[in-house]
Amino acid sequence: MPKITISDPTLRDGNHAVAHKLTAEQIAIYARAADAAQIPIVEVGHGNGLGASSLQVGLAAISDREMIEAARENLRHSKLGVHVIPGFATIRKDITAAIDAGVDVFRVASHCTEANTTRQHIEYISSRGKEVYGVLMMSHMATKETLRHECRKMESYGAHGVVIMDSAGAYFPDDVSERIGELTAHLNIPVGFHAHNNLGLAIANSIAAARAGATIIDGTARGFGAGAGNAQLEVLVPVLEKLGFTTGIDLYKILDASDIAQEVIMPYAPTIRPMSIVSGLAGVFSGFNKHVERIAKEFCVDPRDVLFELGRHKPVAGQEDLIIQVALQLSTQSEPSMTVTPDLTSPNLN
Amino acid sequence: METSHPKLRVIILGSGNIGTDLLIKTVRSPHLDCSFFVGRNLTSPGMLKARDLGIRVSDKSVNALLHDAEPFDLIFDATSASAHFENWPVLRQLGKPVIDLTPSRIGKMCVPAINLDDALNYANINMVTCGGQASIPLAYTIGQVHKDVSYIEVVSSIASQSAGLATRANIDEYVETTERAVKTFSGAPRAKAILILNPALPCMDMQTTVFAQVERPRLDELIPAVDRIVRKIQTYVPDYRLVVPPLWDGDRIVMTVKVQGQGDFLPKYAGNLDIINCAALAVAEQQARQRLQIEAEVFC
């Protein structure tokens, strides 16, 4: 039966949902539960990865090192993973420290068209003998040919696999089949997929990815993640098993881990709220939502208008400073409401 | 002596986007004369441009300066940080001022709106980074108004098409050099720099946001001080504009500038390319004025 490696970023993508305020104790408790369920990779950190705690995307409650240590002490079977975005994290400041602190797996990410910003980081991590994957974020903004070309670059730098992310939750299953199919047909390394649930399609999209040959799938407890969240792990695992894939994960223990996660780390269970639907429709990174809500309130503008207007600027993950500019611009326009009915017949895929 | 030559004779090392744009600006400058354009590949777009302009070229990189250069007064190094580490031991022997446009951190860091005249006393003048040239004057102003500043963060977003291979391969150097310069010029004990590449079409203009944490915000003083330094920058970067004036956003000061270029080698959206070249040009022209004692309108 085809084997799927599950990577669980509950303690990383989930950090977006709590404005990066996960504590060491929360990390320790969930890491223990995930380890007991034999999840192959447990990712931890600020939502935007190493070195990302900032005013731009949010200050974390504790340091990268404290997060890594809290997870490290509680993982026996699972590998410990981190997310790295060049432009935020550097080798000297962040990656060497993470290696020293015992990280096993690095996922080096860029916007979907900018893979060559990851070269020095992938090469360095690979030279230190650690497992390293290339990640393309906001992948709905690129064609399958572009994704293939960018993934090829990461393969050439020594990435052990590549993962494409639907960071805005904008894909439909056919989009995923087409893109993953293109990658698995042309690459010599494993291909992975990371779903967001803005339009209620995270599980369906993950299945489409697996059927198109993806062998790494991301999922989080209760779907805990930015905006509407990710593929719900305790659903994903049994669904994949039922379809004939093997994950090596213990069903009861993953179900238990999801309960523990909800009890210990979530102020509320993720659900698809209106802002997430709008960000999925607008093709805007799910991590923007909390900032948009806060800033829209300050400028007395409709946060949905802000999201649709942001979508027109095509911001990449990490460009949160654009929110203030758009809110300021909307607040100074004379019309009482700026609402322009968006054209939903042409989704933001190009 | 060579004082009969009316212009400062400069050599440009590096024929990528930065070097080629700088060449066009140099050709336009009333104070500078580019006598030699040096790279590694005679068929690169930059080299072809230089030949079009009738400039003498070489593909022998730094060696061309040792063996093949006619008299000159100043060198711009527009290669990459790692190349500048190799070039500098050679260049210093030539005994002429070097303006380094890479994030190598070897020379005296210069942001013309802040320390132009002081920087001229150094043999190796470093232009920090493109984002640094946009953000540091604002960070400096925050530090001047707020002695209690504890943290400054600078975020630059640039169009993907304006980021050449050297920028992409040296993204860590960009981050670390910018952070160091922000701390040095602002006095903030902690600083963070973030660089974002955005591939949206049409290409976005370069944009830089500066955040600061201070004990007590003094926007009344900060707003006019920022206006003054923005006007000063505009004397050498014409399209540097404040798009979000200093605001107090809950627990932080925030402001944003947009930088458009002059559309010399790359289109106007490439403000990142333009601002570091405009800054380097301001240094060279000031050098020319000093050296050649031209009675021209003095900077600022």
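The model shown is predicted, which means the values in this text are computed figures rather than measured ones. (Residues numbered from 1 in each chain as written. Chains lettered and ligands numbered in written order. Predicted model: local features only at pLDDT ≥ 70, side-chain atom pairs only at ≥ 80, totals over all residues.)

Is there a simple way to think about the sheet that holds strand β2 (residues 41–44) of chain A in this case?
Sheet strands associate in pairs through backbone hydrogen bonding, adopting either a parallel or an antiparallel arrangement. Residues and elements named next belong to chain A. Spatial strand order, β1-β2-β3-β4-β5-β6-β7-β8: eight strands in a closed barrel with parallel pairing. Taking the axes of each pair of neighbouring strands and ignoring which way they run, one obtains an average angle of 25 degrees across the sheet. Note: β2 against strand β3 (residues 79–84), three bridges, orientation parallel. Among the inter-strand pairings, Val-42 is bridged to a residue of β3, identified as Leu-80. Contacts from helix α6 (residues 144–157) reach β5 (131–137) and β6 (161–165), with the element oriented near 160 degrees to β5. (Pairing = 2+ DSSP bridges. Helix = DSSP H or I, 4+ residues; strand = E, 2+ residues; numbered from the N terminus. Axes fitted to C-alpha atoms, helices over the stretch in contact; angles between N-to-C directions. Contact = placed C-beta atoms within 7 Å.)

How do you make sense of the nonpolar core when you look at a structure like this?
A general tendency of soluble globular proteins is for nonpolar side chains to be buried together. All names here are of chain B. Membership of the largest hydrophobic core comes to 211 residues, with the highest contact counts inside it found for Ile-12 and Ala-280. The element best represented in this core is helix α10 (residues 271–292), accounting for 11 residues. Beyond its immediate stretch of four places on either side in the chain, Ile-12 contacts Gly-19, Leu-22, Leu-23, Cys-34, Phe-37, Val-38, Phe-76 and Ala-78. (Core = buried A, V, L, I, M, F, W, Y, C linked by C-beta atoms within 7 Å. Buried ≥ 20, exposed ≤ 12 C-beta atoms within 10 Å, placed from the backbone.)

What should I look at first to understand the domain arrangement of chain B in this one?
Interface size, as often reported, equals the accessible area lost upon joining of the parts. Residues and elements named next belong to chain B. Looking at the assigned domains, one finds that chain B contains domain 1 (8–127 + 276–292) and domain 2 (130–270). Summarising the inter-unit geometry, the C-alpha centres of domain 1 and domain 2 are found 24 Å apart. Between domain 1 and domain 2, the residue contacts involve 20 residues of the former and 24 residues of the latter. Of all elements in the fold, only α1 (17–28), α5 (112–119) and α10 reach the threshold of two or more residues within the side of domain 1 that touches domain 2. Its residues assigned to classes, the side of domain 1 that touches domain 2 shows 13 nonpolar, four polar and three charged. (Domains from an automatic or database assignment. Nonpolar A, V, L, I, M, F, W, Y, C, P; charged D, E, K, R; others polar.)

Would you take a moment to explain helix α9 (residues 233–242) of chain A for this structure?
Every α-helix winds through 3.6 residues per turn, so residues three or four apart in the chain are directed the same way. Residue and element names in this part refer to chain A. Residues Leu-233, Glu-234, Leu-236, Val-237 and Leu-240 constitute the buried set of α9. The buried side chains of α9 occupy one side of the element, clustering within an arc of 160 degrees when seen end-on. Where α9 is buried, its residues contact β1 (5–11), α8 (202–211), β8 (216–218) and α10 (251–265). At the exit of α9 stands Gly-244, carrying a positive phi of roughly 100 degrees. (Arc of directions from axis to C-beta.)

Is there a simple way to think about the packing of helix α2 (residues 24–36) of chain A against helix α3 (residues 64–72) of chain A in this case?
Packed helix pairs are characterised by how far apart their axes lie and by the angle those axes make with each other. All names here are of chain A. Two numbers describe how α2 lies on α3: the axes approach to 8 Å, and their chain directions differ by 30 degrees. The orientation of α2 relative to α3 falls into the category roughly parallel. Viewed along their axes, α2 and α3 form a crossing whose handedness is right-handed. For the pair formed by α2 and α3, the contact residues are Ala-24, Ile-27, Ala-28 and Ala-31 on the first element and Glu-66, Met-67, Ala-70 and Ala-71 on the second. Of the residues in the contact of α2 with α3, the class split is seven nonpolar, no polar and one charged. (Parallel < 35°, antiparallel > 145°, perpendicular 65-115°, else oblique. Left-handed = near helix turned anticlockwise from the far one by under 90°.)

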